[in-house]
Amino acid sequence: MADSAENTLKFRVADLSQNHSTPFELRVSKDVADKLAQELGISALRKLSFVGEIYGFGKSDWELKAHLGATVVQPCVATLEPVTTRIEADIERRFLAEPPYPDEDEEEIEMPEDENADVLGNEINVSTVMEESLALNLPLYPRAADAEIAEKVFTEPGKKAMTNEDARPFAGLAGLRDKLAGENEK
């Protein structure tokens, strides 16, 4: 994602104290926010901040806890009008010396139980964690308050268009039930 010296905050694992937390605060400039917005495919990104700390977790693992705050502007899924959303999210990420993933030799590969776990390298890149967290917390379907999605139907001329009601899985069963109930009454 957006990678500039101004946006990059990395900590060498060897320099971190296992006994004390290491606080950090990352705020990006307008230029970096604009680049990141473009990469994420959103209209605008304002007031992006990532504040937290890194501390020792177990014997050789590390944990990052932070708060992500951002204001994003995205097009409405119904009207394409700009929708402004404030994102406030608490983020946790663990960096483990022993990866939680199975060996490649194992026949059965299962997903790791801890979705917040990463493999520990020589450094912890706080900027990357911030960018990934922002991408994961973006609204999937931003919608303006007054936006309504109208039903559209398309078909060939002279034929009846299929509606959403027709596509419901039990709509045909209800019609059959009513037909059978009418026959039984006779």
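What counts, and where the lines are drawn
Residues numbered from 1 in each chain as written. Predicted model: local features only at pLDDT ≥ 70, side-chain atom pairs only at ≥ 80, totals over all residues. Heavy atoms only, no water. Helix = DSSP H or I, 4+ residues; strand = E, 2+ residues; numbered from the N terminus. Buried < 20%, exposed > 50% of the residue type's maximum accessible area, 1.4 Å probe, protein only. Contact = heavy atoms within 4.5 Å. Arc of directions from axis to C-beta. Pairing = 2+ DSSP bridges. Phe/Tyr/Trp six-rings, centres within 6.5 Å; stacked < 30°, edge-to-face > 60°.

Comments concerning the overall build of the chain
Piece 1. Helix and strand counts for the chain come out as 3 helices and 7 strands.
Piece 2. What you see in the chain, going N to C, is helices and strands ordered as β-β-α-β-β-β-β-β-α-α.
Piece 3. Across the 186 residues in the chain, those meeting the buried criterion constitute 31%.
Piece 4. Nonlocal contacts in the chain, meaning residues at least 24 apart in sequence, comprise 63% of its contacts between residues at least 6 apart.

Topic: helix 1 (residues 30–40)
Given 3.6 residues to a turn, an α-helix orients residues that are three or four positions apart in the same direction.
Piece 1. Taken as a whole, helix 1 has its buried residues at Val32, Ala33, Leu36, Ala37 and Leu40. The buried side chains of helix 1 occupy one side of the element, clustering within an arc of 140° when seen end-on. Away from its buried face by more than 90 degrees, helix 1 exposes Asp31 and Gln38.
Piece 2. If you follow the buried residues of helix 1, they end up packed against strand 3 (44–57) and helix 2 (126–137).
Piece 3. Trailing helix 1 by a residue or two, Gly41 shows a phi angle of about 75°, which is positive.

Concerning the pairing of strand 4 (residues 61–75)
Piece 1. Of all 15 residues that make up strand 4, 12 are buried, and the element is covered over most of its length.
Piece 2. The pairing of strand 3 with strand 4 spans 12 bridges and is classified as antiparallel. When the sheet's bridge partners are listed, Ile54 is paired in strand 4 with Leu64.
Piece 3. Once strand 3 ends, the chain turns through 3 residues before running back antiparallel as strand 4, passing Gly58 with a positive phi of about 75°.
Piece 4. Sheet analysis places strand 4 next to strand 5 (residues 82–96), joined by 14 bridges and oriented antiparallel.

Quick word on the packing of aromatic side chains
Piece 1. Counted according to the given criterion, the structure contains 2 aromatic pairs.
Piece 2. Note on Phe11 and Phe24: the rings are 6.5 Å apart at their centroids and 50° apart in plane angle, and the pair reads as tilted. Remark: Phe24 occurs in strand 2 (residues 22–27) and Phe11 occurs in strand 1 (residues 10–12); sequence separation between them is 13 residues. As far as burial versus exposure is concerned, Phe11 and Phe24 are alike and both buried.
Piece 3. Both rings, one in Phe24 and one in Phe50, keep their centres 5.8 Å apart while their planes meet at 35°; by these two values the pair is tilted. Of the two residues, Phe24 sits in strand 2 while Phe50 sits in strand 3, which places them 26 residues apart along the sequence. Here Phe24 matches Phe50 in class, with each residue buried.
Piece 4. A network of ring pairs unites the aromatic residues Phe11, Phe24 and Phe50 as a single cluster.

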